[in-house]
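# Fold and contact review
Each chain, written out:
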Amino acid sequence: MNRYRQSADFLRLVLLAGVLLASAAIRAQDALPSWNDGPAKAEILKFVDEVTAEGTSSFVAPSERIAVFDNDGTLWAEQPMYFQLAFALDRVRAMAKDHPEWKGKQPFDAAIKGDMKALAASGEKGIAALVAASHAGMSTDDFARTVTDWFATARHPKTRQPYSSMVYQPMLELLGYLRSKGFKTFIVSGGGVEFMRAFAEKTYGIPPEQVVGSSGVLKWEMRGNAPVLVKQPKIEFIDDGPGKPVGIQRFIGRRPVFAFGNSDGDQQMLEWTAAAGGGPRFMGLVHHTDAKREWAYDRKSSIGKLDKALDEALARKWTVVDMSTDWNRVFPFDP
C-alpha cells in the first residue's frame, strides 16, 4: 500500500512538473506576458502582424515603422505628482541655503516648507518657476549628472521604490516587442527633454536622440578651456497637446504609425497618427483604473486628465487599455 502511494505521489509530482514546464514554455513564447489575453493585447498583436507581413497591402517598410509614446502616465507612473516636479522640489530645497531671497517668496517658500496647497495655488506659472530654478545656470552635462544622482537616491512617496522602478512592466515588454519587429521607438512627452534623456536609455532602451520633449533655451559658453551648453531660465518649446505633432515633425520628420498616450495632452499626437494616410494605424490610451495596484483617475484629475481624448478614443474605436483588467502585472517589482 505504501509503495502504491509513493508511486502515485511520484506520478503526481511528474505531472505537476510537466504542467509547470509547459506553462513556462508558453509564457516564454509570449511577447507580452504581463498583458492579459483580451481585446487590447489582441489589437496590438494584430496590428504588428499586419504591418510586418511582406507582400501585403498593409506592409510598412522598417524605415517607416515609427512608434511614439508619451512618458508620464504612459510608460511610468505620474501620481501623486510628475516625477520631474518631485526632482525640482528636492533641488530647490537643497539650493535654499544659497538663496535667502526665496524665504517668504512664492512658490519657493511653499516648496521649501512642503506646503503643497500653496504650491498648487501658484499654478503652472509657479511650477514653471521652480523647474527653471532647479536647473538654470547649469551645463547640460552637470544637469544630466544631477538627475542621475537624484534617481540613485530618491524614493517614491507611496511605494518607497526608486522612481526609476515605477515604470510599467507591460509597456517595457511592448517597447521590446516593437523593436524586435523593426520599429523605432520614440518618447514624445511634455517632460523636459534633458531630464528624460538622463534616464531614457537605461530605463527604456530609448537613446537620447529618440527623446522629444519640452525644452528651455541653451546658451553656448566657454568655462575655462571647455565649451559648454548652459541651461537658461526661459522656455523655448512646450511638447504637449498641439505641440506634440509639431515636435514629431520637427525632430523625427516622419509621421508615426503607432502612438500611445494616457491623457488629453496626447490627443493631438494620436490624431496626427490616425491621419497618417492609408493602411493600418494604431492609437492607444492607458486608462488608469486600478486603485489597488496603482491609482484610478481620469476625467477630473489635475494630473493626467483623460476626458476629451477618452471620448474620441471610444468614438473612433482606438485601443483603450484598462489597467485593472488588461495588465496582470503593473510594475517590475510586483509579484
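Coordinates for the structure precede this section.
So, a few notes on the structure that sits alongside this text. (Residues numbered from 1 in each chain as written. Predicted model: local features only at pLDDT ≥ 70, side-chain atom pairs only at ≥ 80, totals over all residues. Heavy atoms only, no water.)

### Re the overall build of the protein chain
Check the secondary structure of the protein chain and you find 14 helices and seven strands. Expressed as lengths along the three principal axes of its C-alpha atoms, the size of the protein chain is roughly 85 × 60 × 45 Å. In the protein chain, which comprises 335 residues, the proportion classed as buried is 47%. For the protein chain, contacts bridging at least 24 residues in sequence account for 66% of all contacts bridging at least 6. Taken as a whole, the protein chain presents about 16900 Å² of accessible surface, with 55% of it coming from carbon and sulfur. (Helix = DSSP H or I, 4+ residues; strand = E, 2+ residues; numbered from the N terminus. Buried < 20%, exposed > 50% of the residue type's maximum accessible area, 1.4 Å probe, protein only. Contact = heavy atoms within 4.5 Å. Areas by Shrake-Rupley, 256 points an atom, 1.4 Å probe, with all protein chains shown as cover.)

### What to know about the environment of Thr-74
One can find Thr-74 in the loop between strand 1 (66-69) and helix 3 (83-95). Only 2.9 Å separates the side chain of Thr-74 from the side chain of Asp-70, close enough to count as a polar contact. (Polar contact = N/O pair within 3.5 Å; in protein donor to acceptor, adjacent residues only side chain to side chain.)

### Topic: the sheet that holds strand 1
Reading across from one edge, 4-3-2-1-5-6-7 is the order of the seven strands in this open sheet, with mixed pairing throughout. Each edge of the open sheet is held by one strand with a lone partner, namely strand 4 (226-237) and strand 7 (319-322). Ignoring which end each strand starts from, the neighbouring axes of this sheet average 30 degrees apart. The pairing of strand 2 (residues 184-192) with strand 3 (residues 211-223) spans three bridges and is classified as parallel. Note on strand 3: the bridge partner recorded for Val-188 is Val-212. Those strands touched by helix 13 (residues 308-316) are strand 6 (282-287) and strand 7, and its axis lies near 130 degrees from that of strand 6. (Pairing = 2+ DSSP bridges. Axes fitted to C-alpha atoms, helices over the stretch in contact; angles between N-to-C directions.)

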